[in-house]
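As a plain string of letters, each chain reads:
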Amino acid sequence: FSQNPYDLWLQYDKIEEQNVLNSYKNTISNVFLDLNSPTGTVIEEEIKKSFKGLLDIEPKFDAKTPNLIITTLDKLDPSIKQKLPEISKINDEGYLIQHIPEKKNSKIIISAKTEKGLLYGVFNFIKQIQLRNDLSEIAIYDSPKIQKRLLNHWDNLDRSVERGYAGFSIWDWYLLPELIKQEYIDYARANASIGINGTVLTNVNSNALVLSPRYIQKLKALADVFRPYGIQVYLTARFSAPIETDDLETADPLNADVRQWWKNKAKEIYAEIPDFGGFLVKANSEGQPGPNNYGRSHVDGANMLAEAVAPYDGIIMWRAFVYSEEKPEDRAKQAYSEFKPFDGKFKDNVLVQVKNGAIDFQPREPFHPLFGAMPNTPLMMEFQITQEYLGGMSHLVFLPQLFEEVLEEDTYTQGKGSTVAKIIDGQLSTKKLTGMAGVANIGTAKNWTGHPFGQANWYGFGRLAWDPETSAETIAKDWLKMTFTNNSNFVDPMTKLLLESREAVVNYMTPLGLHHIMAAGHHQGPGPWVKDMPRPDWTSVYYHKADANGIGFDRTSSGSNALAQYAPEIQKKYSDPATTPDKYLLWFHHLPWDYKMKSGETLWYEIAAHYQKGVEQVEDMQKTWQKMQEYVNPQVFEKTNMLLNIQLKEAKQWRNACLLYFQQFSNMDFPDFIPEMT
Ligand code: GCU
């Protein structure tokens, strides 16, 4: 095996099936490529590399009758253009791959309006070969549905990574700008291959130092590496930077000197990096400074920064992750309460970045009620790829399943079918700026993500940012084939494993709508007993509310009424436990332990059954994996094996800890299927 984990899903191992190999060789070995630019060089290198690997040939670039033509649309012969039926459908980042049959000289055209589009097209073309797809009738017309497809690195300047489980930050600030690590190039290439077009390099809990001239030089070096791959760099902006890095006495967004300071800062950055993307801001959240410190609003803060970057087409991503310990209101309600009144008040280059759920990247949460509630504001989705609450470094969890579930949810805000995906991609918004962010799971680990299957979550995020309606199953299959092998004896059972892995983690951590019952601080492992914390909304008891009467958070009108933040259709359905989907039951209701579930069993029984099922699902994952040895690089096989052992141990810990803890309140016996706990 080669299957070098460093190469991620871009495995170009030689095709073994002779007939398949020959057919590709005959169809595409004479390449026409006429791009004279850094992106053109990247494309040429990728073609060479993939042909050498997959087909074991050097492509011919000077043949008289090429059978693979790679060029931008403006350079295509009108006679060829006529044969491209859906050419008008592609946008500036889109591309087409079209087979044109001819008696003597059939050919495949890869074309796009821009070279960036062409790069995406080339990666998809190579993917077709990795997937062993037939090229003889290929006709792909594809464009991203979302404009800003960004990774968010929670990387600190000292190279620690907040909630990172894959080593240190890959940004070697100390040695930049002089030292350009190969990893920077490979990182850009991997991201380009899945359509990611931007990266926020620094933590949302930000350090103002990164805005200083010395760091701007370092940033410029990275931007120069990423540019040919179509990737823009962004930074997090610390709101108090004018005070911390300069001698201003205030950071009040309405103060003229402060406004000028940010304008000057933008000018300084753009002078070095003309395509700098803009700023991501966490303000007045978890102790971060912000406009509220000066009696100003989020709109004042965001618009001030927006004004500073607007002349350069920069954007501001202003996070809606706010909740205050001073407010007695249910934490799940606070972002909506605070942001909804601002709808339509932000400048055009501001996106409000909203986490997928109203609490915090739980194994399962209902979609955030802000989606659909601010039709006149571009809302950017924030997913977390790193597994802060989902087993960190050791659990195999295929997150595209979670992402898909959120994106498919119907908000009903503009009638039936108003899915979160349609809000994110701008279809249901009056504003056309669109974006999706994923908190990266990347570090200095030799395989980038630590857990070998963490790669699938990076890959899957990219696919969904490109098209939020892509199915998790397609993503799973493509990733497995591109990373390991096309053999269906591997792909089929492993697809099943991936697609079940997310439900497994929900079952053994937080079934039936339970949430935020992890250990304090690091959020790894169970901690339903956590109650003494600096803030009540950082405890577990705040969320599960278990007592002798029952368990769960009443968010209906008899409780916090967070439910009122959703559309009437959802309110109606979820206000009654009998019609609330089991998966959200204890998110919205506080129910007695002997509450009769849809299954006919008691709530207590179902809680126990779900914890037990989660453990058994991990056992099943182990059994499946055991059968995969012959298809997988031995190191990856062993590592995954050992990680699954840890996952099983921890799943049992979760089951035992939660059931023993909750039993104090339920005072009910465990069902027979729960093994004796010691
Ligand atoms: C969570 C996480 C923090 C992070 C925060 C955020 O609370 O635990 O580490 O800073 O989210 O998204 O801002």
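Calculation criteria
- Residues numbered from 1 in each chain as written.
- Predicted model: local features only at pLDDT ≥ 70, side-chain atom pairs only at ≥ 80, totals over all residues.
- Heavy atoms only, no water.
- Core = buried A, V, L, I, M, F, W, Y, C linked by side-chain atoms within 4.5 Å.
- Buried < 20%, exposed > 50% of the residue type's maximum accessible area, 1.4 Å probe, protein only.
- Contact = heavy atoms within 4.5 Å.
- Near = heavy atom within 4 Å.
- Polar contact = N/O pair within 3.5 Å; in protein donor to acceptor, adjacent residues only side chain to side chain.
- Areas by Shrake-Rupley, 256 points an atom, 1.4 Å probe, with all protein chains shown as cover.
- Nonpolar A, V, L, I, M, F, W, Y, C, P; charged D, E, K, R; others polar.
- Pairing = 2+ DSSP bridges.
- Helix = DSSP H or I, 4+ residues; strand = E, 2+ residues; numbered from the N terminus.
- Axes fitted to C-alpha atoms, helices over the stretch in contact; angles between N-to-C directions.
- Patch = residues over 30% accessible without salt bridge, like charges linked within 9 Å, V, L, I, M, F, W, Y side chains within 5 Å.
- Salt bridge = Lys/Arg side-chain N within 4 Å of Asp/Glu carboxyl O.
- Domains from an automatic or database assignment.
- Buried area = accessible area lost by both parts, 1.4 Å probe.
- Phe/Tyr/Trp six-rings, centres within 6.5 Å; stacked < 30°, edge-to-face > 60°.
- Lys NZ or Arg CZ within 6 Å of the ring centre and 35° of its normal.

1. Some points on the nonpolar core
Reasoning step 1: One finds Phe226, Trp262, Phe279, Trp458 and Phe662 to be the most contacted residues of the largest nonpolar core, which totals 218 residues.
Reasoning step 2: Dropping the residues within four chain positions of it, Phe662 is found in contact with Leu514, Ile517, Pro528, His544, Ala546, Ile551, Trp593, Trp604 and Tyr611.
Reasoning step 3: Of all hydrophobic cores here, the second largest spans ten residues; its members include Ile80, Leu84, Ile90 and Ile100.

2. Topic: the site of the ligand
Reasoning step 1: The local shell around the ligand holds 13 residues, among which Glu162, Lys282, Arg319, Lys355 and Glu388 are the closest.
Reasoning step 2: The side chain of Glu162 places a nitrogen or oxygen atom 2.3 Å from an oxygen atom of the ligand.
Reasoning step 3: Here an oxygen atom of the ligand and a side-chain polar atom of Lys282 are 2.6 Å apart.
Reasoning step 4: Protein coverage of the free-state accessible area of the ligand, which is 320 Å², stands at 96%.
Reasoning step 5: Across the shell around the ligand, the residue classes break down as three nonpolar, two polar and eight charged.

3. Points about the sheet that holds strand S10 (residues 315-319)
Reasoning step 1: Read once around its circumference, the closed barrel built from eight strands follows the order S6-S7-S8-S9-S10-S11-S12-S13, with strand pairing classed as parallel. Put simply, the sheet's adjacent strands are angled 25 degrees from each other on average, direction ignored.
Reasoning step 2: Running at roughly 160 degrees to S10, helix H9 (residues 298-309) makes contact with strand S9 (278-281), S10 and strand S11 (350-355) of the sheet.

4. What to know about unusual backbone geometry
Reasoning step 1: Looking along the chain, the bond that leaves Leu176 and enters Pro177 is cis, with omega of 5 degrees.
Reasoning step 2: Counting through the fold element by element, Pro177 comes out in the loop between strand S6 (148-152) and helix H5 (182-193).
Reasoning step 3: In this structure, Asn284 is a non-glycine residue whose phi angle is positive, near 45 degrees.
Reasoning step 4: Secondary-structure assignment places Asn284 in the loop between S9 and H9.
Reasoning step 5: With a phi angle near 65 degrees, Asp313 is a residue other than glycine that sits in the positive phi range.

5. Structural notes on the sheet that holds strand S1 (residues 31-33)
Reasoning step 1: Taken in spatial order, the five strands make up an open sheet running S1-S2-S4-S3-S5, and their pairing is mixed. In the strand order of this sheet, the two ends are held by S1 and strand S5 (139-142), each with one partner. Pairs of neighbouring strands in the sheet enclose a mean axial angle of 15 degrees, with direction left out of account.
Reasoning step 2: Strand contacts of helix H4 (residues 115-130): strand S2 (68-72), strand S3 (95-100), strand S4 (107-112) and S5, with the helix running at about 140 degrees to S4, the strand carrying the most contacts.

6. A few points about the side chain of Gln387
Reasoning step 1: Among the structural elements, Gln387 can be located in the loop between strand S12 (379-384) and helix H11 (400-408).
Reasoning step 2: Side-chain polar atoms of Gln387 contact the side chain of Asn457, separated by 3.5 Å.
Reasoning step 3: Leave out the neighbours within four places in its chain, and Gln387 touches Tyr165, Gly392, His395, Val397, Leu399, Asn457 and Gln524.

7. So, the side chain of Ser206
Reasoning step 1: Topologically, Ser206 is positioned in the loop between strand S7 (198-200) and helix H6 (213-226).
Reasoning step 2: Only 3.3 Å separates the side chain of Ser206 from the backbone nitrogen of Arg238, close enough to count as a polar contact.
Reasoning step 3: Apart from the residues within four sequence positions on either side, Ser206 is in contact with Thr236, Ala237, Arg238 and Gln288.

8. Concerning a nonpolar patch on the surface
Reasoning step 1: Taken together, Tyr174, Leu175 and Leu179 make up a surface patch of nonpolar side chains, about 350 Å² in accessible area.
Reasoning step 2: Take Tyr174: it is sitting in the loop between S6 and H5.
Reasoning step 3: Accessibility expressed as a relative area gives 75% for Tyr174, which makes it exposed.

9. Points about the pattern of salt bridges
Reasoning step 1: A full pass over the atoms with the stated rule returns 41 salt bridges.
Reasoning step 2: A salt bridge links Lys14 to Asp56; its shortest N-O distance comes to 3.8 Å. Residue Lys14 is located in the segment before helix H1 (18-28), and its partner Asp56 is located in the loop between helix H2 (38-55) and S2; the two are separated by 42 residues in the primary sequence.
Reasoning step 3: Between Arg502 and Glu405 there is a salt bridge, with the nearest N and O atoms lying 3.1 Å from each other. Of the two residues, Arg502 sits in helix H15 (residues 488-509) while Glu405 sits in helix H11, which places them 97 residues apart along the sequence. In this pair, the class of Arg502 matches that of Glu405, namely buried.
Reasoning step 4: It is possible to trace a salt-bridge network through shared partners that takes in Arg364, Glu405, Arg502, Glu503 and Lys583.

10. Describing the domain arrangement of the protein
Many structure descriptions define interface size as the accessible area lost when the parts assemble.
Reasoning step 1: Split into domains, the protein comes out as domain 1 (5-142), domain 2 (148-473) and domain 3 (507-553 + 590-666).
Reasoning step 2: The C-alpha centroid of domain 3 is placed 29 Å from the C-alpha centroid of domain 2.
Reasoning step 3: Residue-level contacts link 27 residues of domain 2 with 27 residues of domain 3.
Reasoning step 4: When domain 2 packs against domain 3, close to 2200 Å² is buried across both sides, 54% of that on carbon and sulfur atoms.
Reasoning step 5: One can count zero salt bridges joining domain 2 with domain 3.
Reasoning step 6: Our count for the domain 2 to domain 3 interface comes out at 17 residue pairs in polar contact (both at pLDDT 80 or more).
Reasoning step 7: Along the lines of polarity and charge, the residues of the side of domain 2 that touches domain 3 split into ten nonpolar, ten polar and seven charged.

11. Thoughts on the packing of aromatic side chains
Reasoning step 1: Counted by the stated rule, this structure contains 43 aromatic pairs.
Reasoning step 2: For Arg331, the ring lying beneath its charged end belongs to Tyr323, and the centroid distance is 3.7 Å.
Reasoning step 3: The side chain of Lys545 reaches across the aromatic face of Phe553, ending 4.3 Å from its centre.

12. Comments concerning the pairing of S12
Reasoning step 1: Of all the six residues making up S12, six are buried; the element is thus mostly covered by neighbouring parts of the structure.
Reasoning step 2: Of the two faces of S12, both are covered, the one formed by Leu379, Met381 and Phe383 as well as the one formed by Met380, Glu382 and Gln384.
Reasoning step 3: In this sheet, S12 lies alongside S11 in parallel orientation, the contact comprising four bridges. Residue pairing for S12: Val354 is matched across the bridge by Met381.
Reasoning step 4: The sheet contact formed by S12 and strand S13 (residues 435-439) spans four bridges and is parallel. By the bridge assignment for S13, Glu382 is matched with Ala437.

13. Some remarks on the pairing of S3
Reasoning step 1: Burial analysis of S3 places six of its six residues in the buried class, the great majority of the element.
Reasoning step 2: By the alternation rule, side chains of S3 split into Tyr95, Ile97 and His99 and Leu96, Gln98 and Ile100, which are all buried.
Reasoning step 3: Pairing between S3 and S5: four bridges, direction antiparallel. Within S5, the position partnered with Leu96 by the bridge is Tyr141.
Reasoning step 4: The antiparallel pairing of S3 with S4 creates a hairpin that spans six residues between the two strands.

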